[in-house]
Amino acid sequence: MKKLLYASIISLALGMTSCKKDFLETVPTDRVDATTMLTTVDGAQVAMNGIYRMLYTSGWSTGNYDQNFGIMSTKLFTNVMGEDLLQDAQGNGWFYFDYRYDVRSRYTASTWRSYATWNFYYTLISNANYILSAESTLTGEKAAIDNVMAQAYAIRAYSYFNLIQIFQQTYVGHQTSPGVPIYTEPTTATTEGKPRGTVEDVYKLINEDLDKAIGLFSVDKNSQKHKSNIDYYIANAFKANVALVQNKWADAEKYSTEALTKPSLAMISGDDLHSGFNNLGLKDVMWGAEIIADQSTIYASWFSHMDASADRYARSSRKCIYNWLYAQIPSTDARKQWWNGPQDGGTSDTKPYNQVKFRYADKASDLGDYIFMRAEEMQLVKAEALAQNNKLTEARTALEALLKLRNPSGYQTLLANATMSKDLKMGSIGTPTTLMDHIILQRRIELWGEAERIFDVLRLKTGFDRNAANSNHTFKPTFNTLDPANKEFILTIPQKEFDGNESLDATKDQNPM
């Protein structure tokens, strides 16, 4: 009998987060009595907290664990697939295979990117489905039940949103293309597998889930107990990002604006900009994971791959900024200090263009919080949405609100010659001339290493170019990277999905090879 790859077990949501065992060999709910745990709202929140822990743990493959550590792993591999973040050497190999586009052919292996990514997000979905299935039977206060259900709806939407962008082309122009299998009920090893459906089907569920989450959260907008927990404002931020991909500009403006109304939330400046982005206490942090000493993952971590000042992976494979992008940042912009300059060199962490934006909070104990989303992301979504909707004056004002904090003495000069146009003229490299050019350029600078660059390459339909004059890229693909719908930009579906899902045929349903 075929078994689903992601027929996950609720025990994972209760803290058993090591997923190194092949999921085809596990039997859901036999290891922990889910029906017992999901009888009270307190138990459901414990299960939800377990999902939050999954967001930063490793083990989503049967090998190569150190490049598979949840959300931040996704952020890193989707960034090195573009042009703005590069690796100066292969080092131990982690993420360099993504950088050089050498992972799609490895879909048959359970040790590589396709398997790990599919497994990770479908495990989140499966566990969220268990929680959601108990909505009508949970005991406890209604407000508390509504809140935990809202969290589960939101994480399910977030997971599908990542899956559909990783395993298929962008929404606009591909609505009828094959999507990913949709599951809204708890899955077991005997659950009948689902077909791919369409991209439109997936986005329909994403939006329905987020609408439900926002509605349930709206009863008590300030119910977030910890920044690791999804709340009303984060759900609005998810909705804003989805709307941006779907080119629903009014919605993107509406939901990003609402997300930014979170009490005490504010964009940062000054010393906070150079604190290492390792602390949930920063006032711009909307959502993240607090890493404590007994939960630090040492080598399988974001900071081990980013912070070259530590004796970890980054030292032999530094994460650097594209020298073209670095050159676009004025010397008066405080963010220029997030990277070494072209003449820096001599020690392990002071090599040209190496990043110092993300650093351990404590190298000795491998500590540093993971920041999943900041206010600045929503500010840039709002600026882009306003511009796309021809509200150009308001869009410029929104962009200036950020630039005043980054380049107070030079932002006016920077924008002085920008034509008030929503057209994106610049592409991947070139000279910014329009307001939209500047908005997207500032997104690339501000959210370097944070926003998934390849998703922007897809949705903006620009492709990317690593071939600027004197490019510091150590690998330049031979395929046409300027083709915004190139098959190389999306992952192949893991073979084990076809092995376990009778509704899929590898000869018909696999992404183009």
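What counts, and where the lines are drawn
- Residue numbering note: each chain is counted from 1, following its sequence as written.
- Given that the model is predicted, a residue must reach a pLDDT of at least 70 before its local features are reported, and side-chain atom pairs must reach 80 or more before they are shown or counted; all residues, however, enter totals for whole chains, interfaces and linings.
- Excluded from the side-chain calculation are hydrogens and water; included are all heavy atoms of the structure.
- The way it works is that DSSP assigns letters per residue, a run of H or I at least four long becomes a helix, a run of E at least two long becomes a strand, and they are numbered from the N terminus.
- As defined in this context, the radius of gyration uses C-alpha atoms, and a globule is described by 2.2 Å times the residue total to the power 0.38.
- Each residue's exposure class comes from its accessible area (1.4 Å probe, protein chains only) as a fraction of the maximum for that residue type: buried when under 20%, exposed when over 50%, partly exposed otherwise.
- In this description, contact between two residues means that some pair of their heavy atoms is separated by no more than 4.5 Å.
- Each accessible area is a Shrake-Rupley result for a 1.4 Å probe, and residues are judged covered by the shown protein chains and nothing else.
- The charge count treats Lys and Arg as positive and Asp and Glu as negative. His and the chain ends do not count.
- By convention, the charge on Lys lies at NZ, on Arg at CZ, on Asp at CG and on Glu at CD.
- An expected span of 1.5 Å times one less than the residue number is assigned to each helix.
- What counts as a ring pair is set by centres within 6.5 Å for rings of Phe, Tyr and Trp (its six-membered ring), and what kind of pair is set by the plane angle: stacked under 30 degrees, edge-to-face over 60, tilted for all other angles.
- Two conditions define a charge sitting above a ring: the NZ of Lys or the CZ of Arg must be within 6 Å of the ring centre, and it must be within 35 degrees of the ring normal.
- Here an axis means a line fitted to C-alpha atoms, over the contact stretch when the element is a helix, while the angle between two N-to-C directions is reported on a 0 to 180 degree scale.
- Roughly parallel means an angle under 35 degrees; roughly antiparallel, over 145; roughly perpendicular, 65 to 115; everything else is oblique.
- Crossing handedness follows the turn of the near helix against the far one: under a right angle anticlockwise gives a left-handed crossing, and clockwise gives a right-handed one.
- Side-chain classes are defined by residue name, with Ala, Val, Leu, Ile, Met, Phe, Trp, Tyr, Cys and Pro counting as nonpolar, Asp, Glu, Lys and Arg as charged, and the others, Gly among them, as polar.
- The pairing criterion for strands is at least two bridges between them, as found by DSSP.
- Nonpolar cores were defined as sets of buried Ala, Val, Leu, Ile, Met, Phe, Trp, Tyr and Cys residues, with membership established by side-chain atoms within 4.5 Å.
- The definition of a polar contact used here is a pair of N or O atoms within 3.5 Å, where within protein one atom must be able to donate a hydrogen and the other to accept one, and adjacent residues in sequence count solely through side-chain atom pairs.
- We define a salt bridge as a side-chain nitrogen of Lys or Arg found within 4 Å of a carboxyl oxygen belonging to Asp or Glu.

(A) Spotlight on the overall build of the protein. Secondary structure assignment for the protein yields 18 helices and four strands. Relative to the 2.2 N^0.38 estimate, which gives 24 Å for 513 residues, the radius of gyration of the protein is 22 Å and therefore close to what a compact globule would have. Considered along the principal axes of its C-alpha atoms, the protein spans approximately 60 × 50 × 45 Å. When each of the 513 residues of the protein is scored for burial, the buried share is 62%. For the protein, the proportion of contacts with a sequence separation of at least 24, taken over those separated by at least 6, is 69%. Accessible area of the protein: about 18,000 Å², with a carbon and sulfur share of 48%. Here the protein contributes 53 positive and 58 negative side-chain charges, whose respective centroids are spaced 3 Å apart.

(B) Looking closely at helix α13 (residues 392-406). Its 15 residues give α13 an end-to-end C-alpha distance of 21 Å, which sits within 8% of 21 Å, the value for a rise of 1.5 Å per residue. Within α13, burial applies to Leu 392, Ala 395, Ala 398, Leu 399, Glu 400, Leu 402, Leu 403 and Arg 406. As for α13, its buried residues are in contact with β4 (370-374), α12 (375-388), α14 (411-415) and α15 (435-446).

(C) Focus on the packing of aromatic side chains. Scanning all chains against the criterion turns up 34 aromatic pairs. Between Tyr 232 and Tyr 233 the ring centres are 5.0 Å apart and the planes differ by 85°, which places this aromatic pair in the edge-to-face class. Taken together, the ring pairs in this structure connect Phe 277, Trp 302, Trp 338, Trp 339, Phe 358 and Trp 448 into an aromatic cluster. For Arg 106, the ring lying beneath its charged end belongs to Trp 112, and the centroid distance is 4.4 Å. Lying over the aromatic face of Tyr 299, Arg 312 brings its terminal NZ or CZ to 4.7 Å of the ring centre.

(D) Geometry of the packing of helix α2 (residues 41-54) against helix α6 (residues 142-166). At a minimum axis separation of 10 Å, α2 and α6 run at an interaxial angle of 25°. Between α2 and α6, the angle falls in the class roughly parallel. Remark: the crossing between α2 and α6 carries left-handed chirality. Mapping the contact onto sequence places Val 41, Ala 44, Gln 45, Met 48, Ile 51 and Tyr 52 in α2 and Ala 144, Ile 145, Asn 147, Val 148, Gln 151, Ala 152 and Ile 155 in α6. When grouped by side-chain class, the residues that make up the contact of α2 with α6 number 10 nonpolar, three polar and no charged.

(E) How the structure looks around helix α5 (residues 113-133). Counted at 1.5 Å a residue, the expected span for α5 with its 21 residues is 30 Å, and the 30 Å between its end C-alpha atoms agrees. Extensive coverage of α5 is indicated by the burial of 20 of its 21 residues.

(F) Just the pairing of strand β2 (residues 285-289), in detail. For β2, the buried fraction is high: five of the five residues fall into the buried class. Relative to β4, β2 runs antiparallel, the two being bridged by four bridges. Considered in β4, the bridge of Gly 288 is made with Ile 371.

(G) Highlighting the packing of α5 against α6. Their axes nearest at 9 Å, the elements α5 and α6 cross at an angle of 155°. Put simply, α5 runs roughly antiparallel to α6. In the packing of α5 onto α6, the handedness of the crossing is left-handed. Listed contacts from α6 to Thr 117, Trp 118, Tyr 121, Tyr 122, Leu 124, Ile 125, Ala 128, Asn 129, Ile 131 and Leu 132 of α5 are Met 149, Ala 152, Tyr 153, Ile 155, Arg 156, Tyr 158, Ser 159, Tyr 160, Asn 162, Leu 163 and Ile 166.

(H) Fine view of the nonpolar core. Of all hydrophobic cores here, the largest spans 158 residues; its most connected members are Tyr 160, Ile 206 and Trp 287. For this core, the element with the highest residue contribution is α6, accounting for 15 residues.

(I) Region of the structure containing the environment of Lys 422. Its place among the elements puts Lys 422 in the loop between α14 and α15. Overall, Lys 422 belongs to the partly exposed group, its relative accessible area being 32%. Here the alpha-carbon distance between Lys 422 and His 274, two residues 148 residues apart in the chain, equals 32 Å. The contacts of Lys 422, once residues within four sequence positions are left out, are Ala 387, Gln 388, Asn 390, Leu 392 and Met 436.

(J) Geometry of the environment of Arg 104. Along the chain, Arg 104 turns up in the loop between α4 (96-99) and α5. Classification of Arg 104 by relative accessible area gives buried; the value is 6%. Between the C-alpha atom of Arg 104 and that of Phe 489, which follows or precedes it by 385 residues, the distance is 9.5 Å. For Arg 104, the residues in contact, after removing those within four places along its chain, are Lys 487, Glu 488, Ile 490, Thr 492, Asn 511, Pro 512 and Met 513. Here the side chain of Arg 104 touches Ile 490 through a polar contact of 2.7 Å, landing on its backbone oxygen.

(K) Quick look at the side chain of Asn 147. As for its placement among the helices and strands, Asn 147 is situated in helix α6. Asn 147 gets classed as buried once you look at its relative accessible area, which sits at 17%. With near-sequence residues (within four places) excluded, Asn 147 lies in contact with Gln 45, Phe 217 and Ser 223.

(L) Layout of unusual backbone geometry. Phi is positive for Ser 264, which is not a glycine, with a value near 70°. Relative to the helices and strands, Ser 264 is located in the loop between α9 (249-259) and β2. Residue Ser 264 is classed as exposed on the basis of its relative accessible area, which comes to 72%. Despite not being glycine, Phe 277 has its phi angle at roughly 45°, a positive value. Locating Phe 277 in the fold gives a position in the loop between α9 and β2.

(M) The pattern of salt bridges, seen in detail. Applying the stated criterion to the full structure yields 30 salt bridges. The salt bridge involving Arg 312 is made with Asp 366; its shortest N-O contact spans 2.9 Å. Of this pair, Arg 312 sits in the loop between α10 (302-306) and β3 (319-321) while Asp 366 sits in the loop between α11 (323-327) and β4, and the two are 54 residues apart along the sequence. A residue is classified by how much of its surface remains accessible, and Asp 366, at 8% relative accessible area, is buried. Overlapping salt bridges bring together Asp 284, Asp 333, Arg 335, Lys 357, Arg 374, Glu 376, Arg 406, Glu 446 and Glu 450 as one network.

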